[in-house]
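These are the residues of each chain, in order.
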Amino acid sequence: MLLLVSPDSVEEALVCASAARHLDIVDVKKPDEGSLGANFPWVIREIRDAVPADKPVSATVGDVPYKPGTVAQAALGAVVSGATYVKVGLYGCTTPDQAVEVMRGVVRAVKDHRPDALVVASGYADAHRIGCVNPLALPDIAHRAGCDAAMLDTAIKDGSRLFDHVPPDRCAEFVRLAHEAGLLAALAGSVREGDLDALTRIGTDIVGVRGAVCERGDRDGGRIQPHLVAAFRAEMDRQARAHAAAVAAAS
């Protein structure tokens, strides 16, 4: 399981750089513009320059409307600015067909510029609160559009969490559907260390965090702390060892 950490500024990215051995992907977003709020192109570039070259940078393009052309241009901006992973929050898509249309445009815009970049179709565990596509539709949407990964996050950051809206057994179904479609499965949404047992058992490929590695657990007012990143990684590794041992004992 890969650890994705989301700084909201160049200063926080430098903190991530100091803890680079504990994380796998540096994710650029702007939390005050939404769950998957897009940051400025120059911030993506500066963060790309600030973190080690072997650490991929992910960038969100926003909680987007159903405007395929607009979103494709935004995605191109992210990859031109240095993003290896381009994430799109399908906030304004109310049907799977709308979501596929948006993501097909993104895939073409991104892959025409950089074929090895990865495109992530992101949905919301609390989709019922905002009226967008069902979370379990995301793997099929991502597959039909030619994406590389399907992701779930939470749209409304009010203290509710991923498993409050999509419990572990349903998240396991999401992961299974993604894997059957040949996609990576990413899960986020106020994830805490206590969630890592379930996330490991269901085979999550990427776990995304911010609040869990910020001081006081505050994704908005707190700053990312290197020792919290290290502690989260240590728990991830402990859970991975425990799961591997359980599988070996059962075989």
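Here is a short report on the structure shown in this document. (Residues numbered from 1 in each chain as written. Predicted model: local features only at pLDDT ≥ 70, side-chain atom pairs only at ≥ 80, totals over all residues. Heavy atoms only, no water.)

Notes on the overall build of the protein chain
- A count of helices and strands for the protein chain gives ten helices and eight strands.
- Taken over the C-alpha trace, the protein chain has a radius of gyration of 17 Å; the compact-globule value for 251 residues is 18 Å, and the two agree within 12%.
- For the C-alpha atoms alone, the extent of the protein chain along its principal axes is close to 50 × 40 × 35 Å.
- For the protein chain, restricting intrachain contacts to residue pairs at least 6 apart in sequence, the fraction spanning at least 24 positions comes to 68%.
- About 10200 Å² of surface is accessible on the protein chain, with carbon and sulfur atoms providing 52% of the total.
- Side chains of the protein chain give 27 positive and 33 negative charges; the mean places of these two sets differ by 1 Å. (Helix = DSSP H or I, 4+ residues; strand = E, 2+ residues; numbered from the N terminus. Rg over C-alpha atoms; globule rule 2.2 N^0.38 Å. Contact = heavy atoms within 4.5 Å. Areas by Shrake-Rupley, 256 points an atom, 1.4 Å probe, with all protein chains shown as cover. Lys, Arg positive; Asp, Glu negative; His and termini not counted. Charge placed at Lys NZ, Arg CZ, Asp CG, Glu CD.)

Here's the deal with helix α6 (residues 138-145)
- Those residues of α6 lying buried are L138, P139, I141, A142 and A145. The arc enclosing the buried residues of α6, seen along the axis, measures out at 165 degrees, which places them on a common side.
- Its buried side turned inward, α6 meets α4 (96-113), β5 (118-124), β6 (149-153) and α8 (168-180).
- One or two steps after α6, the chain reaches G146, where phi turns positive at roughly 85 degrees. (Buried < 20%, exposed > 50% of the residue type's maximum accessible area, 1.4 Å probe, protein only. Arc of directions from axis to C-beta.)

What about the pattern of salt bridges?
- Tallied over the full model, the rule gives 22 salt bridges.
- Of the charged contacts in the structure, one is a salt bridge between D24 and R233, with a shortest N-O distance of 2.3 Å. You can see D24 sitting in the loop between α1 (10-18) and β2 (25-28) and its partner R233 sitting in helix α10 (residues 226-250), a full 209 residues away along the chain.
- Take R233: its relative accessible area is 12%, and that puts it in the buried class.
- Where salt bridges share partners, they join D8, E12, R210 and R223 into one cluster. (Salt bridge = Lys/Arg side-chain N within 4 Å of Asp/Glu carboxyl O.)

Some thoughts on the packing of aromatic side chains
- A complete count under the given rule lists two aromatic pairs for this structure.
- Measuring from ring centre to ring centre gives 4.7 Å for F40 and W42, while their planes differ by 5 degrees; the resulting arrangement is stacked.
- Residue class for W42 comes out partly exposed when judged on its relative accessible area of 43%.
- Taking the centre distance of 5.8 Å and the plane angle of 85 degrees together, the rings of Y91 and Y124 count as edge-to-face. One end of the pair, Y91, is in the loop between β4 (85-89) and α4; the other, Y124, is in strand β5, and 33 residues separate them in sequence.
- What makes Y91 partly exposed here is its relative accessible area of 35%.
- With relative accessibility at 0%, the residue Y124 sits in the buried group. (Phe/Tyr/Trp six-rings, centres within 6.5 Å; stacked < 30°, edge-to-face > 60°.)

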